[in-house]
Amino acid sequence: MSNIEQTLSIIKPDAVERNLENEIKEMFKNDGFSILKEKKIQIEKSEAENFYKVHETKPFYNDLCEYLSSGPIVVMVLEKKNAVLGNRELMGATDPKNAEDGTIRKKYGISIDKNSVHGSDSVENAKIEIDFFFKD
Ligand code: CMP
């Protein structure tokens, strides 16, 4: 039985702005991920609100949506065995100051908001998030 999965990854505005796109992609590739699809886009605040709808009752929701729509982002479909969990491990804790050495957020994250990357939190949400950005 194969548990090859796909997950959605976003390189957030703080990392794109600092030209970290290639370094972060290398970290994914070195960890065994294939980048199946990718595009650099800038989204409207209303699209960010839809994307992060699960957080709509949180106090940080408005700032989060403002932020994700504030500059270019890179959205990618990543694939490998157990990709969802593997991506979360490679990203590290949401707040970079709690992230472990060797993780993307430890290396590049600035703050809990400017934490450089987003990754799907479950296989179910990965499907929804991939469709959100890549439904053809
Ligand atoms: P992300 O994985 O993109 O999912 C939601 C984002 O909300 C999260 O990364 C953080 O950047 C941001 N955020 C801001 N404040 C908080 C908080 N208190 N708890 C969790 N996420 C937060």
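In what follows, the structure referred to is the one given above.
Predicted, not measured: the structure shown is a model, and the values here were computed from it.

If you had to explain the site of the ligand to someone new, which residues and values would you point to?
What surrounds the ligand is the set Lys12, Tyr52, His55, Phe60, Leu64, Thr94, Arg105, Ile112, Asp113, Asn115 and His118. Contacts to the ligand include Arg105, whose side-chain N or O atom sits 3.3 Å from an oxygen atom. Between the ligand and the protein, one listed contact pairs an oxygen atom with a side-chain N or O atom of Asn115 at 3.2 Å. Taken together, the residues of the shell around the ligand sort by class into 4 nonpolar, 4 polar and 3 charged.

Tell me about the sheet that holds strand β4 (residues 117–119), and please be specific about residues and values.
Overall, antiparallel pairing links the 4 strands, which are arranged β2-β3-β1-β4 in an open sheet. At either end of the open sheet lies a strand with only one pairing partner, and these are β2 (34–41) and β4. Each strand axis lies, on average, 20 degrees off the axis of its neighbour in the sheet, ignoring direction. Relative to strand β3 (residues 73–81), strand β1 (residues 4–11) runs antiparallel, the two being bridged by 8 bridges. Note on β3: the bridge partner recorded for Thr7 is Leu78. Across the sheet, helix α7 (residues 123–134) touches β1, β2, β3 and β4, and the angle it forms with β1 is around 55 degrees.

Explain the packing of aromatic side chains residue by residue, including any values.
For the coordinates displayed, the defined rule picks out 5 aromatic pairs. The interplanar angle of 75 degrees and the centroid separation of 4.9 Å between the aromatic rings of Phe132 and Phe133 together place this pair among those described as edge-to-face. Three or more aromatic residues joined by ring pairs form one cluster here, namely Phe51, Tyr52, Phe132 and Phe133. Of note, Lys80 hangs over the ring of Phe33, and the distance from its end group to the ring centre comes to 4.6 Å. Taking the ring centre of Phe132 as reference, the NZ or CZ of Lys135 above it sits at 5.9 Å.

Describe the pattern of salt bridges, naming the residues involved and giving the relevant values.
Summed over all chains, the structure comprises 10 salt bridges. One salt bridge in this structure joins Asp95 and Lys97, with 3.0 Å as the shortest N-O distance. Given a relative accessible area of 69%, Lys97 falls into the exposed group. Each member of the salt-bridge network shares a partner with another, and the members are Glu21, Lys25, Glu38 and Lys40.

Any details on the environment of Val84? Residues and values, ideally.
Following the sequence through the fold, Val84 ends up in helix α5 (residues 83–91). You can call Val84 buried: its relative accessible area is 6%. Separated by 39 residues in the primary sequence, Val84 and Val123 have C-alpha atoms spaced 6.3 Å apart. The contacts of Val84, once residues within four sequence positions are left out, are Glu5, Gln6, Thr7, Ser120, Asp121, Ser122, Val123 and Ala126.

For the pairing of β1, give the residues involved together with the corresponding values.
One face of the sheet, then the other: side chains in a regular strand alternate in exactly this way. Counting buried residues in β1 gives 6 out of 8 residues, a clear majority hidden from the surface. Relative to β4, β1 runs antiparallel, the two being bridged by 3 bridges. The residue of β4 that forms the bridge with Ile11 is Val117.

Rules and cut-offs
- Residues numbered from 1 in each chain as written.
- Predicted model: local features only at pLDDT ≥ 70, side-chain atom pairs only at ≥ 80, totals over all residues.
- Heavy atoms only, no water.
- Near = heavy atom within 4 Å.
- Polar contact = N/O pair within 3.5 Å; in protein donor to acceptor, adjacent residues only side chain to side chain.
- Nonpolar A, V, L, I, M, F, W, Y, C, P; charged D, E, K, R; others polar.
- Pairing = 2+ DSSP bridges.
- Helix = DSSP H or I, 4+ residues; strand = E, 2+ residues; numbered from the N terminus.
- Axes fitted to C-alpha atoms, helices over the stretch in contact; angles between N-to-C directions.
- Contact = heavy atoms within 4.5 Å.
- Phe/Tyr/Trp six-rings, centres within 6.5 Å; stacked < 30°, edge-to-face > 60°.
- Lys NZ or Arg CZ within 6 Å of the ring centre and 35° of its normal.
- Salt bridge = Lys/Arg side-chain N within 4 Å of Asp/Glu carboxyl O.
- Buried < 20%, exposed > 50% of the residue type's maximum accessible area, 1.4 Å probe, protein only.

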